[in-house]
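Architecture and fold: a report
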Amino acid sequence: MPAPQLLVLFGSQTGTAQDEAERLGREAWRRRLDCRVQALDSYSVANLIREPLVIFVCATTGQGDPPDNMKNFWRFIFRKSLLSTSLCQMDFAVLGLGDSSYAKFNFVAKKLHRRLLQLGGNALLPPCLGDDQHELGPDAAIDPWSRDLWEKIMGLYPVPLDFPEIPPGVPLPSRYIFEILQDVTSIGAEELNITSSAPQGPPSELQPFLAPVVTNQRVTGPRHFQDVRLIEFDITDSNISFAAGDVVLILPSNSEAHTQQFCQVLCLDPNQIFMLKPREPGVPGPPGLPQPCTVWHLVSQYLDIASVPRRSFFELLACLSPHVLEREKLLEFSSARGQEELWEYCNRPRRTILEQVPFLQTTFWTSSLGSDHGPSPLLPPYWRLQILVAVVEYKTRLKDPRRGLCSSWLASLDPGQGPVRVPLWVRPGSLVFPKTLDTPIIMVGPGTGVAPFRAAIQERVAHGQTGNFLFFGCRQRDQDFYWQTEWQELEKKGCLTLVTAFSREQEQKVHVQHRLRELGPLVWELLDLRGAYFYLAGNAKCMPTDVAEALISIFQEEGKLSNADAAAYLARLQHTLRFQTETWA
């Protein structure tokens, strides 16, 4: 293979950045470029001074934070002691993945690009800013950017003419050898390593804590359209510690029916035991997959068969399909020109991997980790952890309703029928609350967005902090007013000011942004005179924009600011972390 070697480094929180990085790696190999793909924190960053060609793929999380698997790299690359010529030998490009509904859209990618320039790196292109909010997702920006990137790279580093490109649809060498174990009489449950014990250190994605479910209670009324659950776990002896604003992550299981269907359609023996052996020395196995492993465990616990497949799914299947017409359609779905059709076929109706399988004539394997993010933990006694979960179910043009994997699985667990355990771990969240006793906080949490604020309020009340202002919105007070009694008791004690918006209890809908406007003088006083922090949590669709517009209107009316000055005032609050958001689609 010709020099130089291309290095693709990724920082990924939910797997999207890793998927894009691996796609770039495959595209490099097809162009006969030797390429390595690594997570940023698994790479020895001191070696960066010797890398001639690097592509960085990084997501932005929370309030403009780097993903967990690039935080060590992030701290190193911003050391003040690094010389301005440290990376003068390196050509680089930065691909960012973000969500434009957040104030610090693609902040990590933009800041990394600037820092690499400061250290002497040569940018091949401006940074690519992929946006989850675009109808076609991040690929709307990535496709034209990557086309320009490969033209630039191949112009600078042409390969010999006797090394033609490997066309799409031709399989690349696999990373692993799939070995079926015929003689398994001597392999016991301990060797299979399928059941987890209590972790030695703090639980993590690779070693979650199996938390017993204590209660699983529906907290919405019988007439409410959605099933919302308050679920409590026992985390005694788990080594889990958390604070208000942290996030609990849960590893769900595919349903038994879906697991059986997948195995039946692909003629898989669920009891078959196998191992994956790396083809190259030094290549680790798939993280979190036991070795050896049963097919049942692989499908039920590891493969995300109920997810809407990414574009790379069709790209890899095209390399395996022996049928010409099927392969052509798969290649079209994986190409830039086929993204609108793929969106209509797959993303818009939310068609899952499991629903693709019966229409494909080939056996395939995929390795997406089926993890899901739960809401922030709450704060009853320290050995218990609670989550508020809205069970996701909705209709598309497909016959069967779409159901959220994690929420539906959690709702199905019944501790009254016997012991139930859930694999979980906790990581720091993006919401940071002030420590000073006299700093008030304004919390806007409609629906399940109120969950992280319950923990914050409980913690602040326990420390004698009384400046707590909660704006809560729901449809009807007798159907989805979460923790109504608890809020009202705190109000009576003078620990909380509660403002409610019940959208369906009058002819004209009333939402939290309307209540903010009504109390504009109070909101302005808290923010401008008393240095309050403002927090927003909930659905990312329209509510964050509506609340931001309400705040700008308040700044204009109460602070006598122009529209431009009001927008700048909000931007300063965001920059100083006095305006923070935690929203989800």
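The text that follows walks through the structure, step by step, so that each part is easy to find. Please read these numbers as outputs of a predicted model, since none were measured by experiment. (Residues numbered from 1 in each chain as written. Predicted model: local features only at pLDDT ≥ 70, side-chain atom pairs only at ≥ 80, totals over all residues. Heavy atoms only, no water.)

Below, the discussion takes up unusual backbone geometry. Most peptide bonds take the trans form, and the phi angle of most residues other than glycine is negative. In this structure, the amide linkage connecting Gln-291 to the following residue, Pro-292, adopts the cis form with an omega of -5°. Considering the arrangement of structural elements, one finds Pro-292 in the loop between strand E11 (273-278) and strand E12 (293-294). Notably, Arg-350 is not glycine yet its phi reads approximately 60°, a positive angle. Its location among the elements puts Arg-350 in the loop between helix H10 (339-347) and helix H11 (353-356). Located in the positive-phi region is Trp-483, a residue other than glycine, with phi close to 60°. In this fold, Trp-483 is placed in the loop between strand E19 (468-474) and helix H14 (484-492). (Helix = DSSP H or I, 4+ residues; strand = E, 2+ residues; numbered from the N terminus.)

Turning our eyes to something else, we now look at the side chain of Thr-60. Here Thr-60 is to be found in the loop between strand E3 (53-59) and helix H2 (71-77). A polar contact of 3.3 Å, which involves the side chain of Thr-60, links it to the backbone nitrogen of Phe-107. The contacts of Thr-60, once residues within four sequence positions are left out, are Asp-65, Leu-97, Lys-104, Asn-106, Phe-107, Val-108 and Ala-109. (Polar contact = N/O pair within 3.5 Å; in protein donor to acceptor, adjacent residues only side chain to side chain. Contact = heavy atoms within 4.5 Å.)

With that settled, consider the environment of Leu-9. Along the polypeptide, Leu-9 turns up in strand E1 (residues 6-11). Of the residues examined, Leu-9 reaches a relative accessible area of 0% and is grouped as buried. Ignoring sequence-local partners within four residues, the contact set of Leu-9 consists of Gln-38, Leu-40, Tyr-43, Leu-48, Val-54, Ile-55, Phe-56 and Val-57. (Buried < 20%, exposed > 50% of the residue type's maximum accessible area, 1.4 Å probe, protein only.)

So, on to the sheet that holds E12. If you walk across this open sheet you meet the 3 strands as E7-E11-E12, and the pairing is antiparallel. If you trace the sheet from one side to the other, it starts and ends with strand E7 (176-180) and E12, each paired once. Sheet topology places E11 next to E12; 2 bridges connect them, and they run antiparallel. Residue Ile-273 lies in a different strand from E12, and its bridge partner there is Thr-294. (Pairing = 2+ DSSP bridges.)

Let's shift gears to the pairing of strand E17 (residues 421-427). The buried fraction of E17 amounts to 6 of the 7 residues, a majority that puts the element mostly inside the structure. As paired elements, strand E8 (residues 209-218) and E17 share 4 bridges and run antiparallel to each other. Within E17, the position partnered with Ala-211 by the bridge is Val-422. Pairing between strand E10 (residues 247-250) and E17: 4 bridges, direction antiparallel. Within E17, the position partnered with Leu-249 by the bridge is Trp-425.

Next up on the list: the packing of aromatic side chains. Summed over the entire model, instances satisfying the criterion amount to 16 aromatic pairs. Note on Phe-472 and Tyr-482: the rings are 6.2 Å apart at their centroids and 65° apart in plane angle, and the pair reads as edge-to-face. Here Phe-472 is found in strand E19, whereas its partner Tyr-482 is found in the loop between E19 and H14, with 10 residues between them in sequence. Tyr-482 gets classed as buried once you look at its relative accessible area, which sits at 5%. Three or more aromatic residues link up through ring pairs in this structure, and these residues are Phe-313, Phe-314, Phe-333 and Tyr-345. In this structure, Lys-104 packs its charged tip against the face of Phe-107, placed 4.9 Å from the ring centre. One residue, Lys-111, lies across the ring of Phe-78, its end atom 5.0 Å from the ring centre. (Phe/Tyr/Trp six-rings, centres within 6.5 Å; stacked < 30°, edge-to-face > 60°. Lys NZ or Arg CZ within 6 Å of the ring centre and 35° of its normal.)

Purely geometric stuff here, so don't read any function into it on its own.
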